[in-house]
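# Reading the structure
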Amino acid sequence: MTIVFAKPTIDIPRDRWSRPLITPADGGKPVPYTRMSTLAKALDDKTALTKWKMRQTIIGLAARPDLVQVAQTVKGDDRKLDEIAETAMVAAESERATNLGTALHSLSEQVDAGADIDTLPEWARADMAAYKAALAGIEILAAEMFVVVDEIEAAGTFDRLVRLPDGRVVVADLKTGRHEPRYPQGVTQQIAGYSRGHLYDPEKGRVGHLPSLGIDQSVGLLIHAPAGTGTCDLYLLDLNVGWDLVRVSLAVRQTFKRKVITPYEVTA
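Residues numbered from 1 in each chain as written. Predicted model: local features only at pLDDT ≥ 70, side-chain atom pairs only at ≥ 80, totals over all residues. Heavy atoms only, no water.

## A look at the environment of R258
We apply this condition: Per the convention used, a helix needs a DSSP run of H or I reaching at least four residues, while a strand needs a run of E reaching at least two, with both numbered from the N terminus. Here the term buried applies to any residue with accessible area under 20% of the maximum for its type, exposed to any over 50%, and partly exposed to those in between, with areas from a 1.4 Å probe on protein chains only.
Of note, R258 is situated in the segment after α8 (239–255). For R258, a relative accessible area of 61% puts it in the exposed group.

Here it is as structure tokens:
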């Protein structure tokens, strides 16, 4: 497996909201771009996520009854109540899945580089063995590449650039949560955007236009390796639909900036 593109030479500068600061193509002061992951969430139905957070908070409060006692003393203080809720989420080990996912992403890069599965942490070996088997015959061309999509002023990092056995070169994303195949709209939007962007380096600027490099604009790849299951499945994503959704997401976000309410007083 050969890595053909280098990662940015320095970290991407960001503003206080963690938005990447991108120098315009024609020069000038860097401007904040929306994160592709943020844009892709504009159409999400957050009902399931909200209910999960509510359940996790209850579990955390049960594990930490002292937090209930503290909460009784800070009624009306939203900031402190938010802190208590976040502490309860930690007590419920809500961060565990995120941390495992981050670790698996890092380990998957080692596997791509040829690491022996037996040298990896024991808890990750089954997951990484499944990942390696699923990608047999697929060539990894690049990993963790930062891309800017000037048309929609969005930017972000994609997980992999791969060559499929049929020769197509596509953007791929590794997901380690349990339910991504059930809700593929977000990842499809992300990959649709990335596939149309420029590789970007803060020092060198735009160093490669993915469409001009032959990256497929119609198909992306979801690599689904849910943490702790020892499984990995691959799914093709329709990027034409994904790009349509990107445009809808962008329109939705732009409406948030429009004034839709004004005070009204009945006059005699």
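Past the structure itself, the notes keep going.
## With respect to the environment of A88
In plain terms, the rule: Contacts between residues were defined by any pair of non-hydrogen atoms, one from each residue, lying within 4.5 Å.
Examined against the element boundaries, A88 turns out to sit in helix α4 (residues 78–91). Residue A88 is classed as buried on the basis of its relative accessible area, which comes to 0%. Each C-alpha atom, one on A88 and one on R196, is 41 Å from the other, the two residues being 108 residues apart in sequence. When near neighbours in sequence (up to four residues on either side) are disregarded, A88 contacts Q56, T57, G60, L61 and L67.

## Let's talk about α8
Filter applied, for reference: Any helix carries an expected span of 1.5 Å times its number of residues minus one. Our arc is simply the arc of the directions from the helix axis toward the C-beta atoms. Here a polar contact is taken to be a pair of N or O atoms separated by no more than 3.5 Å, where protein atoms must pair a possible hydrogen donor with a possible acceptor and residues adjacent in sequence count only if both atoms sit in side chains.
Between the first and last C-alpha of α8 there are 24 Å, a value that for 17 residues agrees with the 24 Å anticipated at 1.5 Å per step. Taken together, the buried positions of α8 are occupied by L239, G242, W243, V246 and S249. Projected down its long axis, α8 carries its buried residues within an arc of 115 degrees, all on one side. On its buried face, α8 sits against α1 (36–39), β4 (139–149), α7 (185–194), β9 (219–224) and β10 (233–238). Regarding α8, its N-cap is D238, as a side-chain oxygen of that residue lies 3.0 Å from the backbone nitrogen of N240 further along.

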